[in-house]
Amino acid sequence: MSIPSRYSVAIHILTILEMDGEVSSEEIAGSVGTNPAIIRLLLGKLKKAGIINARRGIKGSSLSKPAREINLLEIYKATEKEENLFLLHEHPNPNCPIGKNIQFALTGILDEAQKAMEDKLSKYNLSDVSSEIRQRTLSKKTGSYKKRA
């Protein structure tokens, strides 16, 4: 099981907006390596969540607040459909002692695991991501930031 890639793509999009400013969905798609329609879909989710400002048909989505104020949990909640990370199977056999009790036994454990993940994501923000990228892209000769190609 894995969290769908739309979450990491959303972080990628927001990092581009933070580091490069206003860019088109086509330019973002080139960096992400996906179709611009996917980018526009995620931009819509991010706009609905109040994370970005976007104008339909006009180049130039932008962050609605500083990157240090956008935590990774906020992005996760904006892009993922399910409230629960872990979904329990729906029809265990009620005549089986394990089937009858498995959901009850797992619920607390899985809720605790999700809370731990959410607590961890809330400690990081978008500027942590962009800072890491800036550190990795600093030129050793000039010490300046190199924009992506």
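Note on numbering: residues in each chain are counted from 1, in written sequence order. It should be noted that, the model being predicted, local features are given only for residues of pLDDT at least 70 and side-chain atom pairs only at 80 or more, the latter also being counted only at that level, while totals for whole chains, interfaces and linings use all residues. Hydrogens and water are ignored here; the side-chain numbers use all heavy atoms of the structure.

### Observations regarding the pattern of salt bridges
Here is step 1: For this analysis, a salt bridge means a side-chain nitrogen from Lys or Arg found within 4 Å of a carboxyl oxygen belonging to Asp or Glu. By the definition in use, this model includes six salt bridges.
Here is step 2: In this structure, Arg6 and Glu80 form a salt bridge, with 3.2 Å as the shortest nitrogen-oxygen distance. You can see Arg6 sitting in helix H1 (residues 6–20) and its partner Glu80 sitting in the loop between helix H4 (72–79) and helix H5 (97–122), a full 74 residues away along the chain.
Here is step 3: With a closest N to O distance of 2.9 Å, Lys65 and Glu74 form a salt bridge. By definition, any uninterrupted DSSP run of H or I lasting at least four residues is a helix, any uninterrupted run of E lasting at least two residues is a strand, and each is numbered from the N terminus.

### What about the packing of H1 against helix H6 (residues 126–137)?
Here is step 1: Interaxial angles span 0 to 180 degrees and are taken between N-to-C directions of axes, which are lines fitted to C-alpha atoms, for helices over the stretch in contact. Interhelical geometry of H1 versus H6 gives an angle of 70 degrees and a closest axis separation of 10 Å. Here H1 lies roughly perpendicular to H6, going by the angle between them. On H6, the residues touching Ile11, Leu14, Thr15, Glu18 and Met19 of H1 are Leu126, Val129, Ser130, Ile133 and Arg134.
Here is step 2: When residue character is reported, Ala, Val, Leu, Ile, Met, Phe, Trp, Tyr, Cys and Pro are called nonpolar, Asp, Glu, Lys and Arg charged, and the others, Gly included, polar. Broken down by class, the residue content of the contact of H1 with H6 amounts to six nonpolar, two polar and two charged. Each angle gets one of four labels, with under 35 degrees taken as roughly parallel, over 145 as roughly antiparallel, 65 to 115 as roughly perpendicular, and the rest as oblique. Note on definitions: a residue-residue contact is assigned when non-hydrogen atoms from the two residues lie within 4.5 Å.

### Considering the side chain of Gln114
Here is step 1: By the secondary structure assignment, Gln114 is in helix H5.
Here is step 2: A simple rule labels every residue: compare its accessible area, found with a 1.4 Å probe on the protein chains alone, to the largest value its type can have, and call it buried under 20%, exposed over 50%, or partly exposed in between. Exposure remark for Gln114: the relative accessible area of 7% places this residue in the buried category.
Here is step 3: Apart from residues no more than four positions distant in its own chain, Gln114 is found in contact with Glu83, Asn84, Leu85 and Phe86.

### Things to note about the confidence of the model for the protein chain
Here is step 1: The predictor attaches a confidence to each residue, and that confidence, scored 0 to 100, is pLDDT. On average, residues of the protein chain score 87 in pLDDT, and 89% of them reach the 70 mark or higher.
Here is step 2: This stretch, residues 139–146, has a pLDDT under 50; its non-local contacts, to residues over four places away or in other chains, come to 11 contacts.

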